[in-house]
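# Structure assessment
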Amino acid sequence: MKNYSFTYDLCVIGGGPGGLPAALAAARLGAKVLLVEKNGYLGGNITLGLPLLGYLDRNGRQVTGGIAQEFIDRLAKEHGTWGHARCGLHDSVTVIDGELFKLLALDMCDEAKVDVLLHLETAHVNVECGTIKSLTFYGKGNEVTVKAKLYVDATGDGDVGYLAGCSYDMGQEGTHNLQPPTVMCSIIDFHEEEFFDFLDKHPDMIAYSGCKTTEYKDTYNVDQLRREKSHVFLGLRPLLRKWIEEGTCPVDRDTLIYINSMHPGEVFLNSTRLLRTDGTDILSMTKGEMRGQKQLLPLIQALKDHIPGFEDIKLGRILPFMGIRETRRFQGWKTLTGDDVLHYRVPEDTIALGSYIIDIHSAVDDSTINRAVEHPYGIPYLCTVSKELSNLYFSGRCISMDAVALSTIRVMPTCMAIGEAVGTAAALALKHNVGPKDVDIEELRDQLLKQKAILA
């Protein structure tokens, strides 16, 4: 076995939406940063063909700026995005080219002098007296030990916090059932205008027609889909409900979701629902990945057989890993709640805003709850600071919050805003030689505003 050992100011684990901005923000402020990622590229879920939801609030006001917006500005110069589009269901949709994002992420890390290690998973966390002393990573027969002053767990599932023995919650309140993940694929040779003509004749096939658990504006219609290249289609509910009643539905959900692609004739299907799949258990994940992949061709064939515009579609590619909606949430010095979200609280220690809808995919059946969030809410700094380890931050969807708050925070622009704030806070903690809990909030907010973050 090969053995490597490194020492850094800050080690960020996870190069996706919660980790990449954290590493960039800290390095730009002078910290010596190592970013560790399990894949062979950076970006995580950003690269899957998923839309970036939540840059704009329900009223069209931008609530996420900073590094998250910098990604979009730089992609636009390379024709890698159409920018932000308003949406009557998701508030806003931003479609990007995930492959160009991978390259952009590497360029930005090079510019900021962020060191990157790929193909590594956390294997061991060495904790002494409530402080992480080192992390051990493993990959391809290589063992890598990293010693740092501060650590950011941006793994999504909180792998570092879990291995360190930190307290966490999972699942919906009262049941602990997890929102199901999805195996996604792209399809090619889709005829968009033919499908839109079909929707003109069958308006009940768009969105959640007749569904009492979903709130959306009447502006979510075929005109919006035609007008905005950055769009997500949700619908075909009457057809899928009919298939469910007949026992012929190829997926465990009552709607079809596709995300438009930057490439003509290609869309991404986000329509498998892998009930009772635990994204923290390797046996459950294996079964989920296999079950989801096996559903793709039957779904494609059903669309070919029944829906105009889909008659010539072919499988493009199966995305490299499941999209996980919900796993562990760790204990911080503060906890964001659904009540905070629904009352639009923006406390004085806010370090990022959220505004995406409350979006809960049922863990037990084919239904979904969507509830509008009318105004932005604030995410407090201490939700990102571990209450049990003195030098650990959480970033992204594993911060301290309840299950309802998770259902709105888990979108990628919000996770990126949290990540930038965490990286900035870490740099300030290092500069002043204090622990994460003792970072001056006013100085942190001032610095974030200088970086064009949006806090109110």
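Below you will find a few notes about this structure. This structure is a prediction, so every number in the text was calculated from the model and none was measured.

### Overview of the overall build of the protein
Along the backbone of the protein there are 12 helices and 21 strands. In terms of C-alpha radius of gyration, the protein reaches 21 Å, essentially the compact-globule figure of 23 Å for 456 residues. Judged by the C-alpha coordinates and their principal axes, the protein covers about 65 × 50 × 45 Å. Relative to all contacts within the protein whose residues are 6 or more apart in sequence, the contacts with residues 24 or more apart total 74%. Roughly 17,900 Å² of accessible area belongs to the protein as shown, and the carbon and sulfur atoms make up 50% of that amount.

### Observations regarding the layout of surface pockets
By volume, the second largest pocket amounts to about 190 Å³. Forming the boundary of the second largest pocket are 16 residues, of which Trp82, Glu192, Asn260, Ser261 and Pro264 lie nearest the centre.

### Regarding the packing of aromatic side chains
Applying the stated rule across the entire model yields 15 aromatic pairs. Seen in terms of ring centroids, Tyr162 and Tyr168 are 5.9 Å apart; in terms of plane orientation they differ by 70 degrees. Their pairing is edge-to-face. Given the relative accessible area of 39%, Tyr162 is considered partly exposed. Members of the aromatic cluster, each reached through a chain of ring pairs, are Phe190, Phe195, Phe196, Phe198, Phe233, Tyr258 and Phe310.

### Things to note about the environment of Pro320
Here Pro320 shows up in the loop between strand E15 (314–318) and strand E16 (328–330). A sequence separation of 11 residues divides Pro320 from Gly309, and the C-alpha atoms of the two residues are 26 Å apart.

### Some points on the pattern of salt bridges
Using the criterion set out here, one finds 22 salt bridges in the structure. Put simply, Arg397 and Asp157 hold a salt bridge, and the shortest N to O gap is 3.0 Å. In this pair, Arg397 sits in the loop between strand E21 (392–394) and helix H10 (403–409) while Asp157 sits in the loop between strand E9 (142–153) and helix H4 (159–163), placing the two residues 240 residues apart along the sequence. In this structure Arg397 comes out as buried when scored by relative accessible area, which is 11%. According to the relative accessible area criterion, Asp157 is buried, its value standing at 10%. For Arg241, the salt bridge is made with Asp254, and the minimal N-O distance between the two is 4.0 Å. One end of the pair, Arg241, is in helix H7 (residues 237–246); the other, Asp254, is in the loop between H7 and strand E13 (256–260), and 13 residues separate them in sequence.

### Description of empty space enclosed by the protein
Here the structure, examined in full by the defined rule, presents 1 cavity of 30 Å³ or more. If you add up the space inside the largest cavity, you get close to 70 Å³. Lining the largest cavity are 13 residues, and of these Ile351, Ala417, Glu420, Ala453 and Ile454 sit closest to its centre. Split into classes, the residues belonging to the lining of the largest cavity amount to 9 nonpolar, 3 polar and 1 charged.

### Some thoughts on the sheet that holds strand E5 (residues 91–96)
For sheets, the rule is that strands pair by backbone hydrogen bonds, running either parallel or antiparallel. Pairing is antiparallel across the open sheet formed by 3 strands, whose spatial order is E3-E5-E4. At either end of the open sheet lies a strand with only one pairing partner, and these are strand E3 (52–53) and strand E4 (81–87). Bridging between E3 and E5 involves 2 bridges; their strand directions are antiparallel. Bridge pairing in E5 links Leu52 to Thr94.

### Comments concerning the nonpolar core
Counting 145 residues, the largest nonpolar core has Cys11, Phe195, Leu236, Phe310 and Tyr393 as the members making the most contacts within it. Discounting chain neighbours no more than four positions away, the residues touching Cys11 are Leu34, Val36, Leu135, Phe137, Val146, Ala148, Leu150, Tyr151 and Val152.

### Description of the packing of helix H1 (residues 20–28) against helix H2 (residues 66–77)
It is the contact of H1 with H2, at a shortest axis distance of 10 Å, that shows an interaxial angle of 105 degrees. The angle between H1 and H2 places the two elements in the roughly perpendicular class. On the side of H1, the interface is formed by Leu20, Pro21, Leu24, Ala25 and Arg28, while H2 contributes Ile67, Glu70 and Phe71. Looking at side-chain class alone, the contact of H1 with H2 contains 6 nonpolar, no polar and 2 charged residues.

### Observations concerning the sheet that holds E13
Spatially, E12-E13-E14-E11-E15 is the arrangement adopted by the 5 strands of the open sheet, whose pairing is antiparallel. If you trace the sheet from one side to the other, it starts and ends with strand E12 (232–235) and E15, each paired once. The sheet shows a mean angle of 30 degrees between the axes of neighbouring strands, direction not considered. When E12 meets E13, the two strands line up antiparallel, connected through 4 bridges. Opposite Gly235, over in E13, you have Leu256 as the bridge partner.

### A closer look at unusual backbone geometry
Of note, His79 is a non-glycine position whose phi angle comes to about 60 degrees, a positive value. Tracing the sequence through the fold places His79 in the loop between H2 and E4.

### Description of a nonpolar patch on the surface
Taken together, Tyr162, Leu163 and Tyr168 make up a surface patch of nonpolar side chains, about 270 Å² in accessible area. For Tyr162, the position within the fold is in helix H4.

### Section: the environment of Ser186
Here Ser186 is to be found in strand E11 (residues 185–188). Each C-alpha atom of the pair Ser186 and Leu48 lies 9.6 Å from the other, and the pair is 138 residues apart in sequence. Ignoring any residue separated from it by four or fewer positions in sequence, one finds Ser186 in contact with Glu266, Val267, Phe268, Lys314, Leu315, Gly316, Arg317 and Leu319.

### Considering the pairing of strand E18 (residues 358–361)
The two faces of E18 match: Ile358 and Ile360 on one face and Asp359 and His361 on the other face are all buried. The sheet contact formed by E18 and strand E19 (residues 368–371) spans 4 bridges and is antiparallel. From the neighbouring strand, His361 faces E19, where its bridge partner is Thr368. As consecutive antiparallel partners, E18 and E19 are separated by 6 residues.

### Overview of the packing of H1 against helix H3 (residues 98–112)
Interhelical geometry of H1 versus H3 gives an angle of 25 degrees and a closest axis separation of 9 Å. Looking at the two axes, H1 sits roughly parallel to H3. When you trace H1 past H3, the crossing you get is left-handed. Across the interface between the two elements, Leu20, Leu24, Ala27 and Arg28 from H1 touch Phe101, Ala105, Met108, Cys109 and Ala112 from H3. Its residues assigned to classes, the contact of H1 with H3 shows 8 nonpolar, no polar and 1 charged.

Rules used throughout
Residues numbered from 1 in each chain as written. Predicted model: local features only at pLDDT ≥ 70, side-chain atom pairs only at ≥ 80, totals over all residues. Heavy atoms only, no water. Helix = DSSP H or I, 4+ residues; strand = E, 2+ residues; numbered from the N terminus. Rg over C-alpha atoms; globule rule 2.2 N^0.38 Å. Contact = heavy atoms within 4.5 Å. Areas by Shrake-Rupley, 256 points an atom, 1.4 Å probe, with all protein chains shown as cover. 1 Å grid on protein atoms, 1.4 Å probe; cavity = no way out; pocket = protein on both sides within 12 Å on 5 of 7 lines; lining within 4 Å. Points joined across faces, edges and corners; volume = space filled by probe spheres on them. Phe/Tyr/Trp six-rings, centres within 6.5 Å; stacked < 30°, edge-to-face > 60°. Buried < 20%, exposed > 50% of the residue type's maximum accessible area, 1.4 Å probe, protein only. Salt bridge = Lys/Arg side-chain N within 4 Å of Asp/Glu carboxyl O. Nonpolar A, V, L, I, M, F, W, Y, C, P; charged D, E, K, R; others polar. Pairing = 2+ DSSP bridges. Core = buried A, V, L, I, M, F, W, Y, C linked by side-chain atoms within 4.5 Å. Axes fitted to C-alpha atoms, helices over the stretch in contact; angles between N-to-C directions. Parallel < 35°, antiparallel > 145°, perpendicular 65-115°, else oblique. Patch = residues over 30% accessible without salt bridge, like charges linked within 9 Å, V, L, I, M, F, W, Y side chains within 5 Å. Left-handed = near helix turned anticlockwise from the far one by under 90°.

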